[in-house]
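Fold and geometry: a report
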Protein chains: 2
Amino acid sequence: MGIVDRKQRQKEEVRSSILDTAWDLVVTEGWQSFSIRKIADAIEYSVPVIYSHFENKDAILLEFNRKGFQLLAEALAAAKAGKPHPADEIRAMGRAYWNFAFANKEYYQLMFGLGIPTCETVSKIPAMKDLNEVISSSIIAMVPEGKPLPFDPFLKYQSFWSMLHGLVSINMSSLGRSTNDHPGHEGLPLQVLEDVLCSFIRGIQSAGQPTEH
Amino acid sequence: MGIVDRKQRQKEEVRSSILDTAWDLVVTEGWQSFSIRKIADAIEYSVPVIYSHFENKDAILLEFNRKGFQLLAEALAAAKAGKPHPADEIRAMGRAYWNFAFANKEYYQLMFGLGIPTCETVSKIPAMKDLNEVISSSIIAMVPEGKPLPFDPFLKYQSFWSMLHGLVSINMSSLGRSTNDHPGHEGLPLQVLEDVLCSFIRGIQSAGQPTEH
DNA sequence: TACTTTCCCTAACGGCGTTAGCAAAGTTAC
DNA sequence: GTAACTTTGCTAACGCCGTTAGGGAAAGTA
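Note that the structure is a prediction, hence the values are computed from the model and not measured. (Residues numbered from 1 in each chain as written. Chains lettered and ligands numbered in written order. Predicted model: local features only at pLDDT ≥ 70, side-chain atom pairs only at ≥ 80, totals over all residues. Heavy atoms only, no water.)

**Examining the packing of helix α9 (residues 153-172) of chain A against helix α9 (residues 153-172) of chain B**
One way to put it is that α9 of chain A packs onto α9 of chain B with a least axis distance of 6 Å and a crossing angle of 115°. Considered as vectors, α9 of chain A and α9 of chain B are oriented roughly perpendicular to each other. Where α9 of chain A crosses over α9 of chain B, the handedness of that crossing is right-handed. Here Q158, W161, S162, M163, H165, G166, L167, S169, I170 and N171 of chain A of α9 of chain A lie close against α9 of chain B, whose contacting residues are Q158, W161, S162, M163, H165, G166, L167, S169, I170 and N171 of chain B. Of the residues in the contact of α9 of chain A with α9 of chain B, the class split is eight nonpolar, 12 polar and no charged. (Axes fitted to C-alpha atoms, helices over the stretch in contact; angles between N-to-C directions. Helix = DSSP H or I, 4+ residues; strand = E, 2+ residues; numbered from the N terminus. Parallel < 35°, antiparallel > 145°, perpendicular 65-115°, else oblique. Left-handed = near helix turned anticlockwise from the far one by under 90°. Contact = heavy atoms within 4.5 Å. Nonpolar A, V, L, I, M, F, W, Y, C, P; charged D, E, K, R; others polar.)

The following block contains the structure:
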């Protein structure tokens, strides 16, 4: 009865060849080349075959989205491992986030740039929970054990993410590339990253303390 | 010789009716309804007429982009007017940025979400220089007159923008709408905004002072 | 009135996502 | 082995899209 197994395997093979080929297309020719017809052409099947594996184009994108968030969560988890202090963990995660974004532009553009994710989309990406977990735990670890949290960790989590995402997207979209108009600012984006991380950590450390306005 | 004047005027009228109608379409039906054909339909002209006013679809988008950045720059300039202290100016601009984004979602999505702006695009939007100017001047004003700047103002300008943009885009894309999973966090985005602004201002104030790691 | 210019339309091209319908191949039952 | 059925993957179409060629009517000019 290995026949149905083989069929299963073959079907699976086609499915992954769709995903692989599609990703190849995106990486080598950009998102504008991501079309069902081009994928079909590349895998040497006709168009409807793709629809027997994926409900529609968005379903393929969702798959990449999942993978992207999973990779990001893993990268952050790996980055914070073995750091001596929660503040170092946060710094490491910030840098890892940045590196992930620029090492995987296509993923990042999909995850945050293209199809503005809807509520339903979010619920379909379990790795986003991991992301929250990995980041929030370091933030919570910033306050000495036993003491009550002087801030809302979810708030800080969002701040952290917002800052990083803003930084990345400004720099990725060449809005930050006005560097041309400002000679001598070549390594600037990385300085901004450190600056922003520093501000963030300071903000956590001084939370709950009296503000001098 | 008023004939050529009238023609000029009529042509101008068609041009703005294209822009008005297109914007109407976008606001009432979303970006997916922004198509040359739908615009032509709505203004009751045939498609090629549009091409006699705009080189292509992107040219129309560019027009909206220009307008968007102009509006944003104006909003920020208005917000900072009459504030007693540069720090208040910065806070006011941060809130104005937020308000602009959510009061003009379609503009904001165009400016930062859709057609990831290229270098050429940026150079075609003069208002981006104003934006830089409006923000940077307040940042520079943070340090007492006469003293040397303990930071790169362009760096801080980018940090400011990045933080705000990240905040806005996370919240606009309903990635931040995980609030559903976290009851009791209803007004949270605005708290994050204040938190982030506070961090930023602190970061400027303490620049140049010794860091305690 | 005859000529020229301007305006604007129809119709097409090639691309896209998606789907209906059919033919060939493989599988199963007798 | 053959007949019936299921699976598989194709062609061809539909209705969108941006963009452009070419022609015909209207307006302006002499």
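More follows now that the structure is in view.
**Brief notes about the protein's contact with DNA strand C**
As a matter of local geometry, DNA strand C sits amid 19 residues, with S35, R37, Y51 and K57 of chain A together with S46 of chain B nearest to it. Take the atoms of DNA strand C that sit within 4 Å of the protein: sugar and phosphate atoms are 51% of them. Taking S35 of chain A, its side chain carries an N or O atom lying 3.3 Å from a phosphate oxygen of DNA strand C. Within the side chain of Y51 of chain A, a nitrogen or oxygen atom sits 2.7 Å from a phosphate oxygen of DNA strand C. Contributing elements (two or more residues each) for the surface near DNA strand C: α1 (2-29), α2 (36-43) and α3 (47-51) of chain A together with α3 (47-51) of chain B. (Near = heavy atom within 4 Å. Polar contact = N/O pair within 3.5 Å; in protein donor to acceptor, adjacent residues only side chain to side chain.)

**Here we look at the nonpolar core**
For soluble globular proteins, nonpolar side chains are generally found buried alongside one another. Ranked by size, the top nonpolar core spans 139 residues in total, and within it I60 of chain A together with I60 of chain B carry the most contacts. With sequence-adjacent residues up to four places away left out, I60 of chain B is seen in contact with I18, L19, F34, I36, I39, I50 and F54 of chain B. (Core = buried A, V, L, I, M, F, W, Y, C linked by side-chain atoms within 4.5 Å. Buried < 20%, exposed > 50% of the residue type's maximum accessible area, 1.4 Å probe, protein only.)

**Some points on the environment of I60 of chain A**
All names here are of chain A. Looking at the secondary structure, you find I60 in helix α4 (residues 57-80). Given a relative accessible area of 0%, I60 falls into the buried group. Distance in space between the C-alpha atoms of I60 and I18 is 8.9 Å, their sequence separation being 42 residues.

**Quick notes on the packing of aromatic side chains**
Residue and element names in this part refer to chain A. This structure, assessed with the given rule, holds 26 aromatic pairs over all chains. Among the aromatic residues, those joined into a ring-pair cluster are F69, Y97, Y108, F112, F154, Y157 and W161. Directly above the ring of F151 sits K156, whose terminal nitrogen or CZ lies 5.8 Å from the centroid. (Phe/Tyr/Trp six-rings, centres within 6.5 Å; stacked < 30°, edge-to-face > 60°. Lys NZ or Arg CZ within 6 Å of the ring centre and 35° of its normal.)

**As for the pattern of salt bridges**
Residue and element names in this part refer to chain A. On inspection of all chains with the given rule, the structure shows 12 salt bridges over all chains. Among the ionic pairs, D88 bridges to R91, the shortest N-O distance being 3.3 Å. Here R91 and D88 lie together in helix α5 (residues 86-103), a separation of three residues that amounts to about one turn. Looking at R91, the relative accessible area reads 16%, which means it is buried. (Salt bridge = Lys/Arg side-chain N within 4 Å of Asp/Glu carboxyl O.)

**A word on the protein's contact with DNA strand D**
Near DNA strand D, the surroundings consist of 18 residues, among which S46 of chain A together with R6, R37, Y51 and K57 of chain B are the closest. Sugar and phosphate atoms represent 55% of those atoms of DNA strand D found within 4 Å of the protein. At a separation of 2.6 Å, a phosphate oxygen of DNA strand D approaches a polar side-chain atom of Y51 of chain B. A distance of 3.0 Å separates a phosphate oxygen of DNA strand D from a polar backbone atom of K57 of chain B. Here the residues of the surface near DNA strand D are counted per class, giving eight nonpolar, three polar and seven charged.

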